[in-house]
Amino acid sequence: MKAVLVEPQQRLVLSETPDPAPGPGQAVVEVEAIGVGYVDIMYLRDGATSVPGVEVVGRVESGQRVLALILSGGYAEQAVADPDQLYPVPQNLDSADAVALGVNALVAEGAVRRAAVVPGERVLVRGASGGIGVLATQIAHARGAEVTAVTSSAEYGERLRTLGAAKIVDRTRERPGETYDVIIDTAAGPQVREHLELLRPNGRYVLCGGTAGVPEMEAFAPLMANFHNSSTLFTFSLTSVPPEERRKSWDRVLKLVEDGQLSAVRDRTFPLAEAVAALQHVEHGKSFGKVVLLNG
Ligand SMILES: NC(=O)c1ccc[n+]([C@@H]2O[C@H](COP(=O)([O-])OP(=O)(O)OC[C@H]3O[C@@H](n4cnc5c(N)ncnc54)[C@H](OP(=O)(O)O)[C@@H]3O)[C@@H](O)[C@H]2O)c1
């Protein structure tokens, strides 16, 4: 098969390589679409992978199309996955859209659920134009919340309105001017501090990404300073979610898609041979939704 191999100096080259050998119980996936995310860049920087790619959609031996979550090896024509990391993809959802949902939908659904958003609450989404944010915006809206989306461009703001955001904050020009019941934060960084100050009494803050970096401990000081507010801070990583829970979360995602309350949001798609360009596009940080690689 062909796969994108990491060569010395982290050079990525599409090469012929032996088909992957499944371990006991593992499934071979004939890969059709591959999700590209910041996590791939981080793994490459850490030298932690020989073939990047942690999520693919393709067919298993039975012919069923599945989303497969893997630790590496996705940038290829075939990948192997553990049976409890396969999630069914319905016929009317194409493979590129299914992978654009993928991990990001599980994170967005899990984060909104952890915050227990109820109708009428005000929800702020940081990083709303990103792969996770475009889905969190829609899911919070579907739960009846009034969503404020933080982005850095007027054009993206307009697109977020069509996804259900009632209000837009352009982070390059302004700060959120209201208080919120829930903040879903995919950016983190030092601005966690000023955003924690925006929580209303009994508010919930879900930290589920770190595009803007890891906050210093002092960023969390408002939790104690505003003790009377009984705020809750969650961190949320998909890694901690057991397979059974992930499966239920995927089912809820598919139900939202079926009901027309959630749609995949794809930025550019690239052929597998242009994996480097796809990663550069993600690194540039200006995509709206998910970047996808396609086989064939
Ligand atoms: N919790 C989990 O299990 C899990 C799983 C996968 C990924 N992640 C993490 O989640 C984070 C987001 O992932 P993603 O795929 O949604 O990323 P993404 O598609 O790159 O989007 C992130 C968005 O954040 C905004 N942003 C960038 N720099 C910012 C800054 N300094 N301050 C505020 N906003 C900023 C940008 O939008 P604007 O410029 O329009 O604001 C960007 O589109 C990453 O750190 C990723 O590693 C977490």
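This text follows the structure it describes.
Each value, and the rule that gives it
Residues numbered from 1 in each chain as written. Predicted model: local features only at pLDDT ≥ 70, side-chain atom pairs only at ≥ 80, totals over all residues. Heavy atoms only, no water. Phe/Tyr/Trp six-rings, centres within 6.5 Å; stacked < 30°, edge-to-face > 60°. Helix = DSSP H or I, 4+ residues; strand = E, 2+ residues; numbered from the N terminus. Buried < 20%, exposed > 50% of the residue type's maximum accessible area, 1.4 Å probe, protein only. Lys NZ or Arg CZ within 6 Å of the ring centre and 35° of its normal. Near = heavy atom within 4 Å. Polar contact = N/O pair within 3.5 Å; in protein donor to acceptor, adjacent residues only side chain to side chain. Areas by Shrake-Rupley, 256 points an atom, 1.4 Å probe, with all protein chains shown as cover. Axes fitted to C-alpha atoms, helices over the stretch in contact; angles between N-to-C directions. Parallel < 35°, antiparallel > 145°, perpendicular 65-115°, else oblique. Left-handed = near helix turned anticlockwise from the far one by under 90°. Contact = heavy atoms within 4.5 Å. Nonpolar A, V, L, I, M, F, W, Y, C, P; charged D, E, K, R; others polar. Expected span 1.5 Å × (residues − 1). Arc of directions from axis to C-beta. Patch = residues over 30% accessible without salt bridge, like charges linked within 9 Å, V, L, I, M, F, W, Y side chains within 5 Å. Salt bridge = Lys/Arg side-chain N within 4 Å of Asp/Glu carboxyl O.

(A) Representation of the packing of aromatic side chains in the model. Across all of its chains, the model carries 2 aromatic pairs by this definition. A ring pair is formed by Tyr87 and Trp250, whose centres lie 6.4 Å apart and whose planes are at 65 degrees; its orientation type is edge-to-face. On the criterion of sequence distance, the pair formed by Tyr87 in strand 7 (residues 86–88) and Trp250 in helix 7 (residues 243–258) is long-range, its members being 163 residues apart. The class for Tyr87 is buried, based on a relative accessible area of 0%. When the centroid spacing of 4.9 Å and the interplanar angle of 50 degrees are considered together, the rings of Tyr156 and Phe288 count as tilted. Residue Tyr156 is found in helix 4 (residues 154–162), and its partner Phe288 is found in the loop between helix 8 (275–284) and strand 15 (290–294); the two are separated by 132 residues along the sequence. Note on Tyr156: relative accessible area 12%, which makes it buried. Look at Phe288 and you get buried, because its relative accessible area is 2%. Arg159 extends its terminal NZ or CZ atom over the ring of Phe288, reaching a point 4.1 Å from the ring centre.

(B) Highlighting the site of the ligand. Near the ligand there are 23 residues, and of these Ser129, Thr151, Ser152, Arg171 and Leu238 occur at the shortest range. Measuring from an oxygen atom of the ligand, one finds a side-chain N or O atom of Ser129 at 2.8 Å. In the complex, 84% of the free accessible area of the ligand, which totals 930 Å², lies under the protein chains.

(C) Structural view of the packing of helix 2 (residues 95–114) against helix 3 (residues 133–142). Two numbers describe how helix 2 lies on helix 3: the axes approach to 8 Å, and their chain directions differ by 45 degrees. Here helix 2 lies oblique to helix 3, going by the angle between them. Helix 3 is crossed by helix 2, and the crossing has right-handed handedness. Where helix 2 approaches helix 3, its residues Ala100, Leu101, Asn104, Ala105, Ala108, Glu109 and Val112 are matched on the opposing element by Leu135, Ala136, Ile139 and Ala140. In the contact of helix 2 with helix 3, the residues fall into 9 nonpolar, 1 polar and 1 charged.

(D) Summary view of helix 7. The end-to-end C-alpha distance of helix 7, which contains 16 residues, comes to 22 Å, matching closely the 22 Å that a straight helix rising 1.5 Å per residue would cover. Turning to helix 7, its buried residues are Arg246, Ser249, Trp250, Val253, Leu254 and Leu256. Considered in projection along helix 7, the buried side chains sweep an arc of 155 degrees and stay on one side of the axis. The elements touched by buried residues of helix 7 are strand 5 (65–69), strand 7, helix 2 and helix 3.

(E) Examining a nonpolar patch on the surface more closely. The grouping of Tyr38, Val39, Met42 and Tyr43 at the surface amounts to a nonpolar patch, some 320 Å² of accessible area in total. Here Met42 lies in helix 1 (residues 38–45). For Met42, a relative accessible area of 40% corresponds to the partly exposed category.

It is worth stressing that arrangement in space is one thing and function is another; only the former is reported here.
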